[in-house]
Number of protein chains: 4
Amino acid sequence: MQFMSDNTAAVHPAVWKAMMDADAPDAPYDNDALSGRLDATFSALFGRECAVLWVASGTAANCLALAAMVPPHGAVVCHREAHIEMDEAGAPGFFLHGAKLLLAQGQSARVTPETLAAVIDPIRDDVHQVQPHAISITQASEYGCVYRPDEVAAIAAFAKARGLGLHMDGARFANAVAHLGCSPAAAAGAVDALSFGFVKNGGMSAEAIVFFDVEAARTIRYRRKRAGHLQSKGRFMAAQILAMLEDDLWLDNARAANAAAAAIAGAVPDRLLHPVEANEIFLTCTAAERDALRGQGFAFYDWGADAARLVTSWDAKGAHVSALVRALEAL
Amino acid sequence: MQFMSDNTAAVHPAVWKAMMDADAPDAPYDNDALSGRLDATFSALFGRECAVLWVASGTAANCLALAAMVPPHGAVVCHREAHIEMDEAGAPGFFLHGAKLLLAQGQSARVTPETLAAVIDPIRDDVHQVQPHAISITQASEYGCVYRPDEVAAIAAFAKARGLGLHMDGARFANAVAHLGCSPAAAAGAVDALSFGFVKNGGMSAEAIVFFDVEAARTIRYRRKRAGHLQSKGRFMAAQILAMLEDDLWLDNARAANAAAAAIAGAVPDRLLHPVEANEIFLTCTAAERDALRGQGFAFYDWGADAARLVTSWDAKGAHVSALVRALEAL
Amino acid sequence: MQFMSDNTAAVHPAVWKAMMDADAPDAPYDNDALSGRLDATFSALFGRECAVLWVASGTAANCLALAAMVPPHGAVVCHREAHIEMDEAGAPGFFLHGAKLLLAQGQSARVTPETLAAVIDPIRDDVHQVQPHAISITQASEYGCVYRPDEVAAIAAFAKARGLGLHMDGARFANAVAHLGCSPAAAAGAVDALSFGFVKNGGMSAEAIVFFDVEAARTIRYRRKRAGHLQSKGRFMAAQILAMLEDDLWLDNARAANAAAAAIAGAVPDRLLHPVEANEIFLTCTAAERDALRGQGFAFYDWGADAARLVTSWDAKGAHVSALVRALEAL
Amino acid sequence: MQFMSDNTAAVHPAVWKAMMDADAPDAPYDNDALSGRLDATFSALFGRECAVLWVASGTAANCLALAAMVPPHGAVVCHREAHIEMDEAGAPGFFLHGAKLLLAQGQSARVTPETLAAVIDPIRDDVHQVQPHAISITQASEYGCVYRPDEVAAIAAFAKARGLGLHMDGARFANAVAHLGCSPAAAAGAVDALSFGFVKNGGMSAEAIVFFDVEAARTIRYRRKRAGHLQSKGRFMAAQILAMLEDDLWLDNARAANAAAAAIAGAVPDRLLHPVEANEIFLTCTAAERDALRGQGFAFYDWGADAARLVTSWDAKGAHVSALVRALEAL
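Residues numbered from 1 in each chain as written. Chains lettered and ligands numbered in written order. Predicted model: local features only at pLDDT ≥ 70, side-chain atom pairs only at ≥ 80, totals over all residues. Heavy atoms only, no water.

1. Observations concerning the overall build of chain A
Logical step 1: Counting secondary structure elements, chain A contains 15 helices and 10 strands.
Logical step 2: Considering only C-alpha atoms, chain A reaches an extent of 55 × 55 × 30 Å along its principal axes.
Logical step 3: A burial count over chain A gives 65% of its 331 residues as buried.
Logical step 4: Considering only residue pairs separated by 6 or more positions, chain A has 74% of its internal contacts joining residues 24 or more positions apart.
Logical step 5: For chain A, the exposed area adds up to about 10,700 Å²; of that, 53% sits on carbon and sulfur atoms.
Logical step 6: Positive and negative side-chain charges in chain A, numbering 27 and 37 respectively, have mean positions lying 4 Å apart. (Helix = DSSP H or I, 4+ residues; strand = E, 2+ residues; numbered from the N terminus. Buried < 20%, exposed > 50% of the residue type's maximum accessible area, 1.4 Å probe, protein only. Contact = heavy atoms within 4.5 Å. Areas by Shrake-Rupley, 256 points an atom, 1.4 Å probe, with all protein chains shown as cover. Lys, Arg positive; Asp, Glu negative; His and termini not counted. Charge placed at Lys NZ, Arg CZ, Asp CG, Glu CD.)

2. Notes on the relation of the copies chain C and chain D
The two chain copies are related to each other by a rotation about an axis together with a translation along it.
Logical step 1: Aligned on chain D, chain C shows an RMSD of 0.0 Å; the corresponding rotation is 180 degrees and the shift along the axis is 0.0 Å. These values place the two chain copies in the arrangement generated by a two-fold rotation axis. Considering only C-alpha atoms, the residue of chain C closest to the rotation axis is Ala227 of chain C, which sits at 3.5 Å. (Least-squares fit on C-alpha atoms with pLDDT ≥ 70 in both.)

3. Comments concerning the sheet that holds strand β5 (residues 165–170) of chain B
Residue and element names in this part refer to chain B.
Logical step 1: Pairing in this open sheet of 7 strands is mixed, and the strands run β1-β7-β6-β5-β4-β2-β3 from one edge to the other. Only two strands of the sheet have a single partner each, and these edge strands are β1 (51–55) and β3 (100–104). Strand-to-strand twist in this sheet, taken as the mean axis angle between neighbours without regard to direction, amounts to 25 degrees.
Logical step 2: Across 4 bridges, the pairing between β5 and strand β6 (residues 193–196) is parallel. (Pairing = 2+ DSSP bridges. Axes fitted to C-alpha atoms, helices over the stretch in contact; angles between N-to-C directions.)

4. Digging into the domain arrangement of chain A
Residues and elements named next belong to chain A.
Logical step 1: Partitioning chain A into domains gives domain 1 (6–248) and domain 2 (250–329).
Logical step 2: Residue-level contacts link 32 residues of domain 1 with 22 residues of domain 2.
Logical step 3: Taken together, the two surfaces of domain 1 and domain 2 that pack against each other cover about 2,200 Å², and 54% of this comes from carbon and sulfur.
Logical step 4: Among the residues domain 1 hides against domain 2, the three largest losses belong to Tyr143, Asn175 and Asp248. Together they make up 26% of the total.
Logical step 5: The tally of links from domain 1 across to domain 2 stands at 2 salt bridges.
Logical step 6: Of the charged contacts, one joins Arg110 and Glu277 as a salt bridge, the two residues approaching to 3.9 Å between their closest N and O atoms.
Logical step 7: For the pair domain 1 and domain 2, the interface holds 19 residue pairs in polar contact (both at pLDDT 80 or more).
Logical step 8: Residue assignment for the side of domain 1 that touches domain 2 shows that the elements contributing at least two residues are α9 (173–180) and α12 (235–245).
Logical step 9: Broken down by element, the residue count for the side of domain 1 that touches domain 2 peaks at 6 residues, all from α9. (Domains from an automatic or database assignment. Buried area = accessible area lost by both parts, 1.4 Å probe. Salt bridge = Lys/Arg side-chain N within 4 Å of Asp/Glu carboxyl O. Polar contact = N/O pair within 3.5 Å; in protein donor to acceptor, adjacent residues only side chain to side chain.)

5. Examining helix α9 (residues 173–180) of chain D
All names here are of chain D.
Logical step 1: Most of α9 sits inside the fold, with 6 of its 8 residues counted as buried.
Logical step 2: Of all the residues in α9, the buried ones are Phe173, Ala174, Asn175, Ala176, Val177 and Ala178.
Logical step 3: Elements in contact with the buried residues of α9: α3 (38–46), β5 (165–170), α10 (184–188), β6 (193–196) and α13 (249–267).
Logical step 4: Remark: Gly181 follows α9 within two positions and exhibits a positive phi of approximately 70 degrees.

6. Examining the packing of aromatic side chains
All names here are of chain A.
Logical step 1: Under the defined criterion, the tally for this structure stands at 66 aromatic pairs over all chains.
Logical step 2: Pairing Tyr143 with Trp303 gives two aromatic rings, centres 6.0 Å apart and planes at 85 degrees, and the pair type is edge-to-face. Residue Tyr143 is located in the loop between β4 (131–138) and α8 (149–162), and its partner Trp303 is located in the loop between β9 (301–302) and β10 (307–311); the two are separated by 160 residues in the primary sequence.
Logical step 3: Judged by its relative accessible area of 8%, Tyr143 falls in the buried class.
Logical step 4: For Trp303, a relative accessible area of 35% puts it in the partly exposed group.
Logical step 5: An aromatic cluster of at least three residues, connected via ring pairs, comprises Phe42, Phe46, Phe173, Phe196, Phe198, Phe212 and Trp250. (Phe/Tyr/Trp six-rings, centres within 6.5 Å; stacked < 30°, edge-to-face > 60°.)

7. What to know about the pattern of salt bridges
All names here are of chain C.
Logical step 1: Applying the stated criterion to the full structure yields 76 salt bridges over all chains.
Logical step 2: With a closest N to O distance of 3.2 Å, Asp30 and Arg221 form a salt bridge. Placement of Asp30 in the loop between α1 (13–21) and α2 (33–36) and of Arg221 in helix α11 (residues 214–226) is noted, with a sequence separation of 191 residues between them.
Logical step 3: A residue is classified by how much of its surface remains accessible, and Asp30, at 22% relative accessible area, is partly exposed.
Logical step 4: Take Arg221: its relative accessible area is 23%, and that puts it in the partly exposed class.
Logical step 5: A salt bridge links Arg124 to Asp126; the shortest N-O distance between them is 2.7 Å.

8. Observations regarding the interface of chain A and chain B
Logical step 1: Each partner contributes to the interface: chain A provides 46 residues, whereas chain B provides 45 residues.
Logical step 2: Buried surface at the junction of chain A and chain B, both sides included, amounts to about 3,700 Å², of which 59% is carbon and sulfur.
Logical step 3: Looking only at chain A, the three residues that lose the most surface to chain B are Phe94, Arg226 and Lys233 of chain A, adding up to 20% of its buried area.
Logical step 4: Applying the counting rule to chain A against chain B returns 0 salt bridges.
Logical step 5: Mapped by element, the contributors of at least two residues to the side of chain A that touches chain B are α1 (13–21), α4 (58–67), α6 (91–95), α11 (214–226) and α12 of chain A.
Logical step 6: Among the residues forming the side of chain A that touches chain B, the class breakdown is 22 nonpolar, 15 polar and 9 charged. (Nonpolar A, V, L, I, M, F, W, Y, C, P; charged D, E, K, R; others polar.)

What follows is the structure, encoded as structure tokens:
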């Protein structure tokens, strides 16, 4: 019974079907008809013009998005537990040619204008110190917590006032939108670029970089190719994304994963380390308890010495979730 | 009737099946069972130990392979029409942190020890000039021509004598092996790393970097992740590659593509700009002739003002090939 | 009366004389006779073989030294207030091609094996996290505090046990040696490379990178040229360094600066934020007090809202120091 | 008798004097009074507004100038024998983060709109090929030949029409101006940035980057620091440059060097490989003849198997020049 990662989940049948439908000759790279539909599809979804590039990983999506905002001698401000800081092997340093990450505090891996200012304000505006050029926030956060639209708006206003770009790592953007019950436009707010994740949510290998700064996308097309991320049979990438957006499949999948997480969280309200707003549950759990759970067939990650991380997927099986709920209640 | 690129070809049914079979929960990234089988599978194929990483493009494969051999202040020697020089958007400069490509001559985009020496010998061994650290050759070459085993051996001996690494860009390695009728080990010779292509030959999105220097692969695993090329559902990447190797599917596919190319070449022996040894045909062809061919439904690239490039695929349709042969003979 | 920075101090007459003596034709770059003497001179000074390169700034010295130890995908562990982190404009990210700095705690900007371990131990040894490859310590530290030989030895043992390189930023190495009263070899301990500063101590524009890993220097000679730091009239760089080493001028100058700092510190023992062990004094000082001091002609930096930083130089004038002592006592 | 390189020449007494005059406390880095005078001084010299940064080498000057024009995924077009291609150890790849040099032909190492177009026109405007962003020309060229103002104007018009930046490597700009007998503004034409060399012409260690695009200089100040090229006692750098510009010392020195070269060239008109327009003479010369010259005490570089390169300096001694003239005539 898998609660390790939403990366282990299956590919949704609709995605499979779309990929197989795409298996007819078409132009290579992103010159195919499906890739050509992305800009309009996302523009309609967000209600404003955007330019969209597919890539094969969230790491590539985040770093190419940031490459549009940050020169090699600049910096990105992000939470100190952000994925780009903790789990991407230094990819921002690679894609941004040595630019720095400046690390902000904030509850449940969410920053605020105040915690951002605490990092930025002490920086002297001289050539000896690395100057910030962008902010990156994660929706939902590394701890499965969601920025409300007014919180995103406050950060966007802060970014604008400081002349900084704003990027949103949306590896679990669908889960955030499902939680908020608002439009994707409201959940993204006035960001300049969004890494819109699909792989954790029923896709196979395609993430979208959504540039609301359309001009920026032109440059990043060169950067994507240069990073080896312009796949030659790109039609299979676009097919996945379009299938996920069709009939709100992305939202349905996220709702299913969120519901499973909520059910699990409901069983252990006193153990929760963070509010459960998406599809991740962080809970206090001794080593003995973890052993007990694993002994019953549940797979998940330790989170330090006295806690565990459980992640639910779009294809979470009701019986597995119920079994886990019972097992947790029995601890 | 598609003769534009082997990138436009379909995905082989066996590859589809393997991918669907892989759609069960397994560990993320390359910790799954299928990815775990790659090293042994390729070691058996080549008859010597190797370590294998999947990536999503030939550009990434070439550049990560070279990153194992060339420091940022060094250089790679390659043919002046090599893919890494002409068609990868400067990716070597990105992955190798500014290392240079030094450009050698050679017929049909193949280098020789003599043409390599003509580039390397004039370089003073001092700090003012960029020093070569590796050679990269393409099997089959950009013009669809194949290095014979003795030619690879001569280049490998040259590389060893000069203390240089040797990389082979095998985007069409299968076509070369099919042409040579030798073992893959013989076609690769004593290279240190091979970019073994599958996407042009029936795969969807997975290429293999085969490191015969097994230790080098350890470092490149970090580099792959850092470049955003460690996909989270890597089992679908490994599945493609394993399916292609099963029962010599890779060779069967390449033979089919080569046979189609040979049939076309046979129709226009006097027009050929290069020997047709793989699945590419470069032929003299006026603008009027190209218009005539396109008028009959054939799609292909111009190659300068007076020539055309046609590429055949593993799924080349006999009727299309026959039609093209007739159309060419009628010119 | 200047207490802003030792960078504002004069060039020592012996350095001037050596530079003028060097104004005869000699081979360009570092092929001149003076540059040729550096390795032997430093090897004698440290009692073990070393290879020495001059560069024009401490930033270049630190980053080129680290470039010998840390691959682009790796990291350096240093104190969170280290110069390479705070004051070099992201130069490590440039010279190391995106490698990270991992930030350790420690009193008075000095790390310990414990604070280093607190950074390193949580890092999972997998490809998702950036792995440390070197430690960089500063002798004397950013707060003018000195590592004792046993402290350096403990850090070197820690580095060795972890397989990490060890670099020492010795922008004020002379002040540290003067304070310790030990040999330079004892003050440097088992570091792999030392940035040996001269500019703050009576030189004009030449710092030395001392590689105790002699082989590493070979590669860094290419890197130095590639960074534009191989000056064509290098004889004037070597001349400065040799003059500073002659008759222990570097130690005499440092002793003079340290003595001036000690005199000032003695006037305000209760205000000191850090022990005064080199030529820097950090003291609590209100805005009104700072105004009062400046009104009397003393130039220095604020250090946050309630403190000041004063730096003494090799050419500190006794009258200025005495005046400052009196002014501080009168606060 | 030195004819190896103008790098071996002495520092002019006026430069020494200015440096010693600068040996009073002043603000560090480039916050001193002398550095503060550079912009106005060069603006007056060129008759248009410019922003000026000192650096310690021509390599740093060229690469920082180009960094203002060329993104990491772009390219610079230059002559195939340009210094940035042949003699800077790949520094453009380092400073420009992997951007490429595209190599043009042209007599005596000078490009023309035609030879530039021959490189640029075949580049497809798609993401697979590296796109040019700037042109770099060398005044005087690597072979000591000078672009006339109308030739620079034609290249500048070409650059503007193609949307490319234009950089001039003026390591020997003074020699070019001296040859042309025109204003420096006319010799530089409508370039965006000029590397104005002083070290080969009587300076010690200071070159100027002259940005006519003043805004670009703001960014490059960060890049200079990040490259370790912001020296802390920058007043000695500014002092050199100001001394060279005072009373046209730079022109007087260049005239002296050019005159010496002209005298030598006059002795061997039939041997000259390139017109002698600056301070370099390239002449046919057998190995036996070179031995004979060296036997008489003349130092110079071989230039391939059958030629020699001789360089004259601002301090060329009349007796040495006369002796060389006689020796050449006697060959």
